[in-house]
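Descriptive analysis of the structure
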Amino acid sequence: MVLKNLNDLRRIVEGGPRKKLVLAAAQDQHSLGAVIKAWKENIIDPILIGDKEGIQNICLENNYDITGLPIIHEPNTEMSVEKAVRMTSSRQADILMKGMIGSSTLLKCVLNKEWGLRTGNLLSHFALFEVETYHKVIAVTDVAMNIAPNLQEKIAILNNSVKCLNKLGYRMPKVAVLGAVEMVNENMEATLHAALLSKMNQRDQIKNCIIDGPLAFDNAISLESAKHKGIRSEVAGDTDLLLMPDIEVGNVLYKSLVFFAKAKVASIILGALVPIVLTSRSDSEQAKFDSILLAAAASK
Amino acid sequence: MEEKVLALKKKHRIAIAWAQDSNTISAIHKAVTKGFVEAIMIGKSSEIIKTCRAEGIDEKLFTLIEVEDENRASVEAVRLAKTGDADIVMKGLVGTDRFLKAVMDKENGLMASNATLSYVGAIEIPAYHKLLFITDPAVIPYPDLDQKISMAGYAIEMARKFGVEKPKIALIGASEKMGRHFENSADYAVMCKMAERGQIKECIMDGPLDLFLACDKKSIEIKGVETPVNGDADILLFPSLESCNPFYKGLMLFAKGELAGLIRGTIKPVIVMSRSESEKSKYFCVALSCLMA
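Residues numbered from 1 in each chain as written. Chains lettered and ligands numbered in written order. Predicted model: local features only at pLDDT ≥ 70, side-chain atom pairs only at ≥ 80, totals over all residues.

Looking at the overall build of chain B
For clarity, the cut-off: Numbering of helices and strands starts at the N terminus; helices are DSSP runs of H or I of at least 4 residues and strands are runs of E of at least 2. Here the radius of gyration uses the C-alpha set of atoms, whereas the globule reference equals 2.2 Å times the residue count to the power 0.38. By definition, residues are in contact whenever their C-beta atoms, placed on the basis of the backbone, come within 7 Å of each other.
Assigned secondary structure in chain B consists of 11 helices and 11 strands. Here chain B has a C-alpha radius of gyration of 20 Å; the compact-globule value for 293 residues is 19 Å, and the two agree. In terms of principal-axis extent, the alpha carbons of chain B reach across some 60 × 40 × 30 Å. Contacts in chain B between residues at least 24 apart in sequence constitute 68% of all its contacts with a sequence separation of at least 6.

Structure representation (structure tokens):
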């Protein structure tokens, strides 16, 4: 199955039991708005942890009806994160979401050795874009978490993302390892990594996907462009997942898609015990809602 | 190979450095008699004549050039090739180091510009259904990526001269898996992608592959590995001299293998064989060099 747009995620969510989402430091207008909307639309069952008065004030100001929603009062933001993480690691919640708190504080708790959400896997960022000019949604990793992943880290990032796509119904997602060119160039490390990842995939050392690379961005998403260059590839022109060479390329692509191409985006952190919604404060409420939807779909 | 050489209908002129070696003279004599070679013997004329007569060969079949020592013999052979008076250079009784020094001399040698010097062998084994090309058993100890790419290019070129239009080239490792402990597997993966993208042309390439997967279809079935080489390799590229060299020597000793080989990366074919090599092997080499000239 292939997702044509982000709304298709609802079909996955509707098929399964309702997921519990815990919002840490919930006194944050954008996060609350998105969480409550997702609750009203039967996507998740939320648990709010944070400053009760602050939460209630925001709800009053914005006309959010939260009758029946569990709120755990914890005015100390760091403690509220710890409680949320402990709740998740003890399986009382299926999704962790960041509210009014810095990402680093939340991640520190996630990585806590005693009560955190470690699995031994690398944490990585996974974004799903709906762009009008592409025939389906396209996943991009890693645009926000790993700065300059080495080969082993790229393998871990790929495994996280492929596992997630498999859960979303992609049996064999098509993965393009992105470079500036589709040729192998010894002076461009990304192209060497791409060749190695392709071969590991051929040898079944990276499973459940079809990898090709290096592919330049145009060859990855446009069959015409790939044909023009004479590239024979199962992936070119029909990519499901783009693996970025580093965070700088990834971040710029992410922001160009959002600002220039008016793309819709959903994103989560993978590699922990559960999906984590860690959108930034500057993300729109829609992006936060879609991220919750993605987390719910990916958390079965 | 002989058929192919005779079909060329051209006589090649071979300059042999320090030629007074009976195996070499016999091999050359055979090639001259077959009519595809003219020989220029460089060395001590008296010694050459003596060796010829001991073998019952008429020395008048050859052009003799008198020089005093083996260094001068090498330099003269290389000079003849450089000026176009010879098409092929062959090492006689000279030590390999001294001979290659003359070949590789920057001003007067035979190196093609920016070329990698390497060695490609063609080996005939009764147990394999076709000629097998191997590289590099003699020149580059631990080839890096660029050198491996050059080696592949030379081997492909040679296989194609033998009529294998799109040779299957197996990049040999201890396993078909990519592993952090197998440094060569990273180079191999890069080369495969280059072949896929047309950066290495005219071949079907896969690796890492172990020798079974490269040359034995049964192993492919048993292991279930998907590879375009499919147990039918024309060329084996080895990760090091120390793996390739014992491979061909093992085949010669235990599997009735016959090897012919050439130095590549020079502007004219250069034959370097160990002094202990048989007359038959030397004859094969001479034929091969004519084919590649």
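Examining the overall build of chain A
Defined as follows: Three exposure classes are used. Buried residues have 20 or more other C-beta atoms within 10 Å of their own C-beta, exposed residues have 12 or fewer, and partly exposed residues fall in between, all C-beta atoms being placed from the backbone.
The helix and strand inventory of chain A stands at 11 helices and 11 strands. What you see for chain A is a C-alpha radius of gyration of 19 Å, in line with the 19 Å of a compact globule of 300 residues. Dimensions of chain A along its principal axes, counting C-alpha atoms only, are 60 × 40 × 30 Å. Buried residues in chain A amount to 53% of all 300 residues. Partitioning the intrachain contacts of chain A with sequence separation of at least 6 by distance along the chain shows that 70% fall at a separation of at least 24.

Notes on the domain arrangement of chain A
Residues and elements named next belong to chain A. Put simply, the rule reads: In this document the domain limits rely on a domain assignment from an automatic tool or a database. As a working rule, the residues Ala, Val, Leu, Ile, Met, Phe, Trp, Tyr, Cys and Pro are called nonpolar, Asp, Glu, Lys and Arg charged, and the rest polar, with Gly in that last group.
When cut into domains, chain A gives domain 1 (6–118 + 272–298) and domain 2 (124–259). Domain 1 and domain 2 are separated by 29 Å when their C-alpha centres are compared. Contacts between the two partners involve 5 residues from domain 1 and, on the opposite side, 7 residues from domain 2. Class assignment of the residues belonging to the side of domain 1 that touches domain 2 gives a composition of 5 nonpolar, no polar and no charged.

A closer look at the interface of chain A and chain B
On the side of chain B, 12 residues touch chain A, which itself brings 12 residues to the contact. Of the residues belonging to the side of chain A that touches chain B, the class tally is 6 nonpolar, 2 polar and 4 charged.

Comments concerning helix 11 (residues 285–298) of chain A
Residues and elements named next belong to chain A. The condition is simple: What a helix is expected to span follows from its residue count: subtract one and scale by 1.5 Å.
Taking 1.5 Å of rise per residue, the 14 residues of helix 11 would be expected to cover 20 Å, and the 20 Å separating its terminal C-alpha atoms lies within 8% of that figure. Buried residues dominate helix 11, accounting for 12 of its 14 residues. When helix 11 is considered as a whole, its buried residues turn out to be Ala-287, Lys-288, Phe-289, Asp-290, Ser-291, Ile-292, Leu-293, Leu-294, Ala-295, Ala-296, Ala-297 and Ala-298.

A few points about the packing of helix 6 (residues 151–167) of chain A against helix 7 (residues 189–202) of chain A
Residue and element names in this part refer to chain A. The cut-off we apply is this: Throughout, an axis means a line fitted to C-alpha atoms (over the contacting stretch in the case of helices), and angles, computed between N-to-C directions, take values from 0 to 180 degrees. Angles are sorted into four bins: roughly parallel if under 35 degrees, roughly antiparallel if over 145, roughly perpendicular if 65 to 115, and oblique for all others. Handedness of a crossing is defined here by the sense of rotation of the near helix relative to the far one, left-handed for an anticlockwise turn of less than a right angle and right-handed for a clockwise turn.
For the pair helix 6 and helix 7, interaxial distance at closest approach is 11 Å and the crossing angle is 55°. Considering the angle they form, helix 6 stands oblique to helix 7. Considering only the axes of helix 6 and helix 7, their crossing is right-handed. Residue-level inspection shows Leu-151, Lys-154 and Leu-158 of helix 6 in contact with helix 7, the latter providing His-193, Leu-196 and Leu-197. Here the residues of the contact of helix 6 with helix 7 are counted per class, giving 4 nonpolar, 1 polar and 1 charged.

Quick word on the domain arrangement of chain B
Taken domain by domain, chain B holds domain 1 (2–111 + 266–292) and domain 2 (118–254). Each of domain 1 of chain B and domain 2 of chain B has a C-alpha centre, and these two points are 30 Å apart.

Structural notes on the confidence of the model for chain B
In plain terms, the rule: Values of pLDDT, the confidence the predictor places in each residue, fall between 0 and 100.
Here chain B averages 93 in pLDDT, while 100% of its residues score no lower than 70. Note on the complex model: pTM 0.89, ipTM 0.84.

Looking at unusual backbone geometry
The omega angle of the peptide bond from Thr-135 of chain B to Asp-136 of chain B is -5°, so this bond is cis rather than trans. Located in the positive-phi region is Ala-25 of chain A, a residue other than glycine, with phi close to 55°. Structurally, Ala-25 of chain A can be placed in the loop between strand 1 (19–24) and helix 2 (29–40).

Details of the nonpolar core
Put simply, the rule reads: Throughout this description, the term nonpolar core refers to a group of buried Ala, Val, Leu, Ile, Met, Phe, Trp, Tyr and Cys residues whose C-beta atoms join them within 7 Å.
Judged by nonpolar contacts, the single largest core of 208 residues is most densely connected at Ile-292 and Leu-293 of chain A together with Ile-16 and Ala-155 of chain B. Considering each element in turn, this core owes the most residues, 9 residues, to helix 11 of chain A. In this structure Ile-292 of chain A touches Leu-21, Ala-34, Val-35, Ala-38, Ile-43, Ile-44 and Val-277 of chain A, once residues within four positions along its chain are discounted.

Here's the deal with helix 3 (residues 52–62) of chain A
All names here are of chain A. The condition that has to hold: The arc in question is traced by the directions running from the helix axis to the C-beta atoms.
Those residues of helix 3 that sit buried are Ile-55, Ile-58 and Cys-59. Viewed along the axis of helix 3, the buried residues span an arc of 100°, placing them on a single side of the element. Exposed positions of helix 3 whose direction lies more than 90 degrees from the buried face are Glu-53, Leu-60 and Glu-61. Where the residues of helix 3 are buried, they touch helix 2, strand 2 (44–50) and strand 3 (71–73). Backbone geometry just after helix 3 places Asn-63 at a positive phi near 60°.

With respect to the environment of Ile-125 of chain B
Residue and element names in this part refer to chain B. For Ile-125, the location among the structural elements is in the loop between strand 5 (118–124) and strand 6 (132–135). Through-space distance from the C-alpha of Ile-125 to that of Leu-6 is 22 Å; in sequence the pair is 119 residues apart. Discounting residues that sit within four places of it in the chain, Ile-125 has contacts with Leu-132, Leu-251, Ala-255 and Gly-257.

Section: the pairing of strand 8 (residues 210–216) of chain A
Every regular strand shows the same layout, with side chains that alternate between the two sheet faces. All names here are of chain A. Heads up, the condition is: For two strands to pair, DSSP has to find at least two bridges joining them. Seen with its strands pointing away from the viewer, a crossover is right-handed when the path leading from the first strand over the helix to the second is clockwise.
For strand 8, the buried fraction is high: 6 of the 7 residues fall into the buried class. Note: strand 7 (residues 174–179) against strand 8, 5 bridges, orientation parallel. Looking across to strand 8, one finds that Val-175 is bridged to Ile-211. Assessed by its sense of winding, the connection that carries the chain from strand 7 through helix 7 to strand 8 is right-handed.

Brief notes about the environment of Ser-80 of chain A
Residue and element names in this part refer to chain A. With respect to the helices, strands and loops of the structure, Ser-80 is situated in helix 4 (residues 77–89). Remark: the alpha-carbon pair of Ser-80 and Glu-224, spanning 144 residues in sequence, is separated by 52 Å. Sequence-distant contacts of Ser-80, that is, excluding residues within four places in its chain, are made with Ala-24, Ala-25, Ile-49, Gly-50 and Glu-74.

Focus on the pairing of strand 5 of chain B
All names here are of chain B. Of all 7 residues in strand 5, 6 are buried; the element is thus mostly enclosed. Across 7 bridges, strand 5 lies against strand 10 (residues 258–264) in antiparallel orientation. Bridging from a neighbouring strand, Tyr-119 pairs with Ile-263 of strand 10. With 3 bridges connecting them, strand 5 and strand 6 associate as antiparallel partners.

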